[in-house]
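Each chain is listed here by its residues.
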Amino acid sequence: LRLEPGQSGIAGEAELLIGNAVPRGGADAGGPMAEVKPAPVEFSVTGLPPEAAALGFSATPASGKVEPGKSVPITFAFRPSTASLSSSNLGIISAFGVSQWTQTTCTLVLKGGSPPPEHPEITVVVHGFIPTGKALADAEAETVAEVGAMATPRGGAKGAKGGKKK
């Protein structure tokens, strides 16, 4: 999965849809799938290295159940920050004005279902974009400014503790 940066130019995400198909040909059809009774499939995303999670990679939900005839999206995301990159070689390269791609690998494990999944373990390679250090710092500053503007009460700080005494 290639997690293209979003509108901010920083965070990227992609969805992987897990489906559980209901076999065609029920008991009335008399076909080879006539005896198959649909069952839920359990899934889990495992093996995401701690250093990849510390850089900003994530998978949500990391586990769950898919009922027959339904589907569940798993969102893979990469949200780097200056803090998460500060102790890595990737952060050093980014600080010198070089954007780059990084990747990690995890495993999607599928259990249950009827019939059971043909491939119960699927390797997922996830690519995340690391912008230049300046672009990352600018995007973080813009986010902080937006959050600060939303938190400021209407009419400014009048009436707040520590204001001017009358």
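All values derive from a computational prediction rather than experimental measurement.

Criteria and thresholds
Residues numbered from 1 in each chain as written. Predicted model: local features only at pLDDT ≥ 70, side-chain atom pairs only at ≥ 80, totals over all residues. Heavy atoms only, no water. Helix = DSSP H or I, 4+ residues; strand = E, 2+ residues; numbered from the N terminus. Buried < 20%, exposed > 50% of the residue type's maximum accessible area, 1.4 Å probe, protein only. Contact = heavy atoms within 4.5 Å. Areas by Shrake-Rupley, 256 points an atom, 1.4 Å probe, with all protein chains shown as cover. Pairing = 2+ DSSP bridges.

Engineer: Looking at this model, I keep getting lost on the overall build of the protein chain. Mind explaining?
Structural biologist: When helices and strands are tallied, the protein chain shows four helices and eight strands. Counting across all 166 residues of the protein chain, residues that qualify as buried make up 28%. Taking all contacts inside the protein chain whose residues are at least 6 apart in sequence as the whole, residues at least 24 apart take part in 67%. Element-wise, carbon and sulfur atoms account for 57% of the exposed surface of the protein chain, whose accessible area totals about 10,800 Å².

Engineer: For this particular structure, what's the right way to read the pairing of strand β8 (residues 121-130)?
Structural biologist: In summary, the side chains of a regular strand alternate between the two faces of the sheet. Relative to β8, strand β1 (residues 2-3) runs parallel, the two being bridged by two bridges. When the sheet's bridge partners are listed, L3 is paired in β8 with G128. Relative to β8, strand β7 (residues 100-112) runs antiparallel, the two sharing ten bridges. Among the inter-strand pairings, Q103 is bridged to a residue of β8, identified as H127.

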